[in-house]
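If you want the building blocks of each chain, they are given just below.
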Amino acid sequence: MTAEPATQAESTAHVDAKIRLDRVSKTRMRDGAPLPVLDGVRFFARDGEFVSIVGPSGCGKSTLLNIIAGLDEPDSGEIHLDGIRPGKRLGQVGYMQQKDLLFPWRNVVDNAVMGLELRGVPKRSSRERALDLMESFGLAGFESAYPHALSGGMRQRVSFLRTVLADQQIFLLDEPLSALDALNRAQMQEWMQHTWLSLRKTVVLVTHDVDEAVFLSDRVYVMTARPGRMKLVLDVDLPRPRSLDLLTDPEFVAMKARLLSAIRGESVGATR
Ligand SMILES: Nc1ncnc2c1ncn2[C@@H]1O[C@H](COP(=O)(O)OP(=O)(O)OP(=O)(O)O)[C@@H](O)[C@H]1O
Ligand SMILES: [Mg+2]
């Protein structure tokens, strides 16, 4: 395990990165007053890496993903996505937002294939690809169901399936498993690991679950309370594939303790 205060680990210019953020800052307006949300964020993910971000509620994690996805622009700082032209990020990144954005008038399969549809993949082959994955996503039997008839966890899985099917080089996942109970969540974490090991895409995961972050990641970033900055960067150099038995492994527990202590230092007094 290597853990570094973010001030040192943040100098990323030398890294051959798929995603690189340099001193990204963002201020919003609230009740007519400026609200600094992100303050000089530095972050990188190499091609094919799985990187997680944890931090107190309201520290700017979703804002950061919105910026990487091109839905929002920073006030200052740079974003570099390898292979994607500057300013052309929108639509080039697979993004599962925190709030599921399922269309109520589309059934499960038709919601899942939306990303493919937007890219002009013929309907029949996109539906076949979605149907092939229904079982693994725990959606078998619900292919024709509409979102109102699904549980919160199932809606999340449809949303997740849509992101995976969109088949981009970069996936941004904003708390993709938060609506699942512990058992389903553990199964999905294992499934996510195997999917990622076979696809080797670059993944940025935002999560509140420190076990999940360590279990899945090559590196975990801890953000400060708002305005969000990177406070700690922890490299997780545990061999893969990882089994959930790892959760009680002393090295795993030590990493978790390190992250929790950094997060705890931030949570007190954190407000949205
Ligand atoms: N469109 C907006 N207009 C004004 N303020 C906003 C907007 N979106 C987010 N904020 C504010 O920016 C801050 C960061 O929000 P953000 O959603 O990025 O936090 P977060 O870290 O994702 O939180 P959570 O863990 O609860 O999802 C919050 O104080 C929030 O109220
Ligand atoms: Mg959020």
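Everything numeric in this text was worked out from a predicted model, so none of it was measured.

What counts, and at which threshold
- Residues numbered from 1 in each chain as written.
- Chains lettered and ligands numbered in written order.
- Predicted model: local features only at pLDDT ≥ 70, side-chain atom pairs only at ≥ 80, totals over all residues.
- Helix = DSSP H or I, 4+ residues; strand = E, 2+ residues; numbered from the N terminus.
- Buried ≥ 20, exposed ≤ 12 C-beta atoms within 10 Å, placed from the backbone.
- Expected span 1.5 Å × (residues − 1).
- Arc of directions from axis to C-beta.
- pLDDT = per-residue confidence, 0-100.
- Contact = placed C-beta atoms within 7 Å.
- Near = placed C-beta within 6 Å.
- Nonpolar A, V, L, I, M, F, W, Y, C, P; charged D, E, K, R; others polar.
- Core = buried A, V, L, I, M, F, W, Y, C linked by C-beta atoms within 7 Å.
- Domains from an automatic or database assignment.

1. Some remarks on the environment of Leu-161
With respect to the element layout, Leu-161 can be found in helix H6 (residues 152-165). On the basis of neighbour counts, which here come to 25 C-beta atoms within 10 Å, the residue Leu-161 falls in the buried class. With 16 residues separating them in the primary sequence, Leu-161 and Ala-145 have C-alpha atoms 15 Å apart.

2. A short note on helix H7 (residues 182-199)
Given a rise of 1.5 Å per residue, 18 residues ought to cover 26 Å, and the 25 Å separating the end C-alpha atoms of H7 matches this to within 8%. Of the positions making up H7, those classed as buried are Met-188, Met-192 and Trp-196. Angular distribution of buried residues about the axis of H7 spans 70°; they occupy a single face of the element. For H7, the exposed residues lying more than 90 degrees away from the buried face are Leu-183, His-194, Leu-197 and Ser-198.

3. Digging into the confidence of the model for the protein
In the predicted model, the protein carries a mean pLDDT of 90, and the fraction of residues at 70 or more is 93%. Confidence drops under pLDDT 50 across residues 268-272; counting only partners more than four residues distant or on other chains, this segment forms eight contacts.

4. Some remarks on the site of ligand 1
With respect to spatial proximity, 13 residues lie near ligand 1, and among them Arg-28, Ser-57, Lys-61, Ser-62 and Thr-63 are the closest. Secondary-structure elements contributing two or more residues to the shell around ligand 1 are strand S2 (19-30) and helix H2 (61-69). Looking at the shell around ligand 1 element by element, the count peaks at three residues for H2. A per-class count over the shell around ligand 1 returns two nonpolar, six polar and five charged.

5. Some remarks on the nonpolar core
Burial of nonpolar side chains together is a common tendency in soluble globular proteins. Membership of the largest hydrophobic core comes to 73 residues, with the highest contact counts inside it found for Ile-68, Leu-172, Val-204, Val-220, Val-222 and Leu-259. Split by domain, this core shows at least three residues from each of two domains, domain 1 (2-93 + 169-267) and domain 2 (104-167). Contacts of Leu-259, omitting those with residues within four sequence positions, involve Val-54, Val-210, Val-220, Val-222 and Leu-234.

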